[in-house]
Amino acid sequence: MITDPARIGRFLLVAALVALAYAAAGVLSVKVTAWGADGLTAVWLAAGIGAAASMRFGMAGVLGVLLGALLLNGWLLPELLVWQRALGAAIGAFIVGFLPRAMQPFSPTLDFVGSVAKFALLAAPLGSAAGAMTDILSLYGAGVLGEHALLEGFWVGWLGHLLGIYLVAPLMLTAMRWDLLPTGVGARVEGLALVLAMLVLTLLLMRYLVPLRPAEIVLFVLLPAVLWAALRFSVMGASLAIFLAGIVILSVVVVSFGGIHVTTPLREVFALQISMLTMALGGMFVSAALAERRYSELRLDMLANHDPLTGLPNRSYFQDFLNHALARAQRERAQVSLLFIDLDRFKHINDSQGHEVGDQVLRIVGNRLDEQLRSDDFVARLGGDEFAVILNHPPASRAASRVARKLGKALAEPFRIGQRRYAIGASIGISVYPDDGTDGNTLLRQADLAMYQAKQRRSGFEYYSDELNTIAQQQLTLETGLRQALERDEMVLTYQPKVDLASGRVVGLEALVRWLTRSGTIVGPDQFIPVAEETGLIVPIGRWVVRAACAQWIAWRDAGLDPPPVAVNLSPRQFSDAHLMEDIDAILDETGMDIAHLQLEITESAAMEDPARTSEMLDALRQRGLHVYIDDFGTGHSNLSQLKRMPIDALKIDMSLVKDVLSDSDDAEIVNAIIRLSHALQLRVVAEGVESAGQLAFLKENACDEIQGFLVSKPLPPDKVAVLFARVFTFDEI
């Protein structure tokens, strides 16, 4: 029920306007094409108004038809027949308007073949039959029609209603589809020529082919014109051509034959109606079929050139647009800035919350990028969480900076999905034509390099420089070499001992990976580990380290030595690897390593990135009997409540804090606090990077448990570190 006054007012206004339009169309029908007695018309144009109004406005349109029919029939017929025929008209309009909607899918703009079939072959015939039957029965009940005329009257009335619907309703329903009409000058000239040809051919036939039946004009002139319009101008053009053809033939009938009246043979009336129905049906079906084909082509084009998730252009479309933009910039001596955008923290959201939430995040990002850019800028999704923006502008230094800042600010705004709030950021790399490259592939590569620089510096955005290209080439060389090093078994382990300050004995070893090239050069981890992390090679390298450390421990034991536990470092990427547990179990089974003598070290930042998952992983490791250390402690952002709940064995104080404990009171207090915190949590604490006697004295004084660093020993190869297993460090010589 409608209760809003504004909606009630709109409902009544629509009903009133439909009533006036219906009554006016009915009067025009009667004046031009009257046949039979007291208002039964051969072409009931008002039926078309009623059908379109019902389909577009629902019950407001049906009420308008009822009121309009009361006005019209009140002028034409005795009072006894007015209500009967008005109700019949309203019932017919209701059937035409609501039956197709009950048979979804249905498009009221008649741009699908299925929708035309539901409208033209089912709803319109049934609605017209209901209206014509009511008319005939009301006239028969009033004694206006005899029994002998019932069948003929129903037939003429039904076709008249149906023809009126076919002529008027499609035009009204498709009136908003101007977007389907060609807009070029040539198309307009063609449309005008088609209308003129329709009129000229009709006049020539009337003048030189006598006698000529109106139905023949429809079949020989108007039907081809309507089909041509359907082929060339889609649903709107076909609907307009059908309506104009109806006007043309009715004008011919009026001018040449004085209209359709009681002396007109029924066979002529039927022939005219059937020919016009054929014309209308042909135009509607052909135009709908072509519109449907066009939609299919547009969908295929959309799938081929746009990302189905965000709706933005895809990589293929981006490459084509970039090439055109560069060609245009070359002609106009302009610049093109390419912005390569990579989302920060998206992988964490995608992994922790699932791909469904990740997809929603990408849609939000796509919308924000589209909203922030000008209409002549171009934004595309290249894949994953990578986007690109193309800016055309006159030559200017750093012209893309303002856009990059605006995009970075927009993407950093928090958003809500479901009951949770999320926040991401973006790193943006910028390359400029022609300064950084003259082809699309080069510019994209340079912008990608600049993006990685922005991500490392956390600066938001960076422009490309030649230095970045040099670094990238070095990284590529390292990556290629790393892959070969794994295949050639060029990785080696060194071991740095950990000494217990109370006993002076070696209580642990940290396995440290080195790359020994075939030329004998040793590549340190500070050079190749970042590249391995970025490329994903860190996972197979980490797996090799665990296996090699376990195999070496077994070799020491089998040699009659008493090796202490050995610790291996897990990188953040390795720690988040779903196969970590399986790999460790397989290595332990393969080597026969005593699990109690294997320790794992993870950095504080990796442990605190996702505390819930970290606790879950650590629980699984602890259940296997593995001991876990938190490495580089003091450099991250630990949540003490989370740290308390984590099943860990020890904390390792980062060497950057130990280095300055004698000269920096803040570092000294931090180290002291970490030691007290560890003991309060019943954890052992290890100081890394101990190099001087002063540092050792400070750590002893503050009850540190273990030390590791050059004061004890540098990282040593397996044969040399084995000498230290039985040694007791007294540090007397220091």
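As a reminder, the structure under discussion sits directly above these lines.
Quantities reported herein were computed from a predicted structural model and do not represent experimental measurements.

Asker: Explanation requested: the sheet that holds strand 6 (residues 425–433) in the structure shown.
Answerer: Hydrogen bonding along the main chain pairs the strands of a sheet, whether they run parallel or antiparallel. Read across the sheet, 5 strands follow the order 2-3-1-6-7 without closing on themselves; strand pairing throughout is mixed. Of all strands in the sheet, those bounded by a partner on one side alone are strand 2 (378–383) and strand 7 (461–463). Along the sheet, successive strands turn relative to each other by an average axial angle of 20°, direction set aside. The pairing of strand 2 with strand 3 (residues 386–393) spans 5 bridges and is classified as antiparallel. Bridge assignment links Ala380 to a residue of strand 3, and that residue is Ala388. The strands that helix 12 (residues 355–372) touches are strand 1 (335–344), strand 2 and strand 3; relative to strand 3, the one it contacts most, it runs at about 5°. Relative to strand 6, helix 14 (residues 440–457) is tilted by about 145°, and along the sheet it contacts strand 1, strand 2, strand 6 and strand 7.

Asker: Help me out: how do you make sense of empty space enclosed by the protein in this one?
Answerer: In this approach the atoms are scanned with a rolling probe the size of a water molecule, which exposes any empty space left behind. Under the criterion given, the structure shown has 4 cavities of 30 Å³ or more. The computed volume of the largest cavity comes to approximately 100 Å³. The wall of the largest cavity is formed by 16 residues, among which Ala47, Ala89, Gly92, Ala93 and His161 lie closest to the centre. At the level of elements, helix 2 (45–57), helix 4 (79–98), helix 5 (113–141) and helix 6 (150–173) are the ones that each hand at least two residues to the lining of the largest cavity. Ranked by the residues each element gives to the lining of the largest cavity, the list is headed by helix 4, at 5 residues. A breakdown of the residues in the lining of the largest cavity according to their chemical character gives 9 nonpolar, 7 polar and no charged.

Asker: For this particular structure, what's the right way to read helix 21 (residues 611–623)?
Answerer: Side chains that are three or four residues apart share a direction in an α-helix, a result of its 3.6 residues per turn. Taking 1.5 Å of rise per residue, the 13 residues of helix 21 would be expected to cover 18 Å, and the 18 Å separating its terminal C-alpha atoms lies within 8% of that figure. Within helix 21, the full set of buried residues consists of Pro611, Thr614, Ser615, Met617, Leu618, Ala620 and Leu621. Where helix 21 terminates, the next one or two residues include Gly625, which has phi positive at roughly 95°.

Asker: How should I be thinking about unusual backbone geometry in this particular structure?
Answerer: The phi angle of most residues is negative, glycine excepted, and most peptide bonds adopt the trans form. In this structure, Pro105 follows Gln104 across a cis peptide bond, with omega equal to 5°. As for its placement among the helices and strands, Pro105 is situated in the loop between helix 4 and helix 5. The phi torsion at Asp632 lies on the positive side, around 55°, for a residue other than glycine. Relative to the helices and strands, Asp632 is located in strand 13 (residues 627–633). One non-glycine residue with positive phi stands out, namely Gln682, at about 60°. Inspection of the secondary structure assignment puts Gln682 in the loop between helix 24 (665–680) and strand 15 (684–688).

Asker: For this particular structure, what's the right way to read the pattern of salt bridges?
Answerer: What the rule picks out here adds up to 21 salt bridges. For Asp583, the salt bridge goes to Arg543, with nearest N and O atoms at 3.1 Å. Placement of the pair is Asp583 in helix 19 (residues 580–591) and Arg543 in helix 17 (residues 538–558), with a sequence separation of 40 residues. Overlapping salt bridges, with partners in common, bring together Lys498, Glu510, Glu601, Lys652 and Glu688 in one network.

Asker: Would you take a moment to explain the pairing of strand 6 for this structure?
Answerer: Regular strands place side chains that alternate from one sheet face to the opposite one. Burial analysis of strand 6 places 9 of its 9 residues in the buried class, which makes it a mostly covered element. Of the two faces of strand 6, the one lined by Gly425, Ser427, Gly429, Ser431 and Tyr433 and the one lined by Ala426, Ile428, Ile430 and Val432 are each fully buried. Pairing geometry for strand 1 and strand 6, over 9 bridges, is antiparallel. Looking across to strand 6, one finds that Ser337 is bridged to Val432. Sheet analysis places strand 6 next to strand 7, joined by 3 bridges and oriented parallel. Each bridged residue has a counterpart across the sheet, and for Ile430 the counterpart in strand 7 is Tyr463. Between the parallel elements strand 6 and strand 7, the chain passes through helix 14 in a crossover that is left-handed.

Asker: Before we go on, may I ask you to explain the nonpolar core in this structure?
Answerer: Across soluble globular proteins, you tend to see nonpolar side chains buried next to one another. Counting 82 residues, the largest nonpolar core has Leu482, Val566, Ile648, Leu699 and Ile707 as its most contacted members. Top contributing element to this core by residue count: helix 17, with 11 residues. If near-sequence neighbours (up to four positions away) are discounted, Val566 is found in contact with Tyr495, Leu509, Ala511, Ala549, Trp553, Met593, His597, Leu598 and Gln599. Of all hydrophobic cores here, the second largest spans 69 residues; its members include Ala47, Leu159, Leu163 and Leu272.

Asker: It is not clear to me how helix 19 should be interpreted in this structure. Could you clarify?
Answerer: With 12 residues, helix 19 extends 17 Å from end C-alpha to end C-alpha; this agrees with the ideal 16 Å at 1.5 Å per step. For helix 19, the full list of buried residues reads Leu580, Met581, Asp583, Ile584, Ile587, Leu588 and Thr591. Take helix 19 and look down its axis: the buried residues cluster within an arc of 165°, on one side only. Residues Glu582, Asp589 and Glu590 are exposed on helix 19 and point more than 90 degrees away from its buried face. Buried residues along helix 19 sit in contact with helix 17, strand 11 (566–570), helix 18 (572–575), strand 12 (598–603) and helix 21. Positive backbone phi, at 75°, marks Gly592, one or two positions downstream of helix 19.

Each value, and the rule that gives it
- Residues numbered from 1 in each chain as written.
- Predicted model: local features only at pLDDT ≥ 70, side-chain atom pairs only at ≥ 80, totals over all residues.
- Heavy atoms only, no water.
- Pairing = 2+ DSSP bridges.
- Helix = DSSP H or I, 4+ residues; strand = E, 2+ residues; numbered from the N terminus.
- Axes fitted to C-alpha atoms, helices over the stretch in contact; angles between N-to-C directions.
- Contact = heavy atoms within 4.5 Å.
- 1 Å grid on protein atoms, 1.4 Å probe; cavity = no way out; pocket = protein on both sides within 12 Å on 5 of 7 lines; lining within 4 Å.
- Points joined across faces, edges and corners; volume = space filled by probe spheres on them.
- Nonpolar A, V, L, I, M, F, W, Y, C, P; charged D, E, K, R; others polar.
- Expected span 1.5 Å × (residues − 1).
- Buried < 20%, exposed > 50% of the residue type's maximum accessible area, 1.4 Å probe, protein only.
- Salt bridge = Lys/Arg side-chain N within 4 Å of Asp/Glu carboxyl O.
- Right-handed = clockwise from strand over helix to strand, strands pointing away.
- Core = buried A, V, L, I, M, F, W, Y, C linked by side-chain atoms within 4.5 Å.
- Arc of directions from axis to C-beta.

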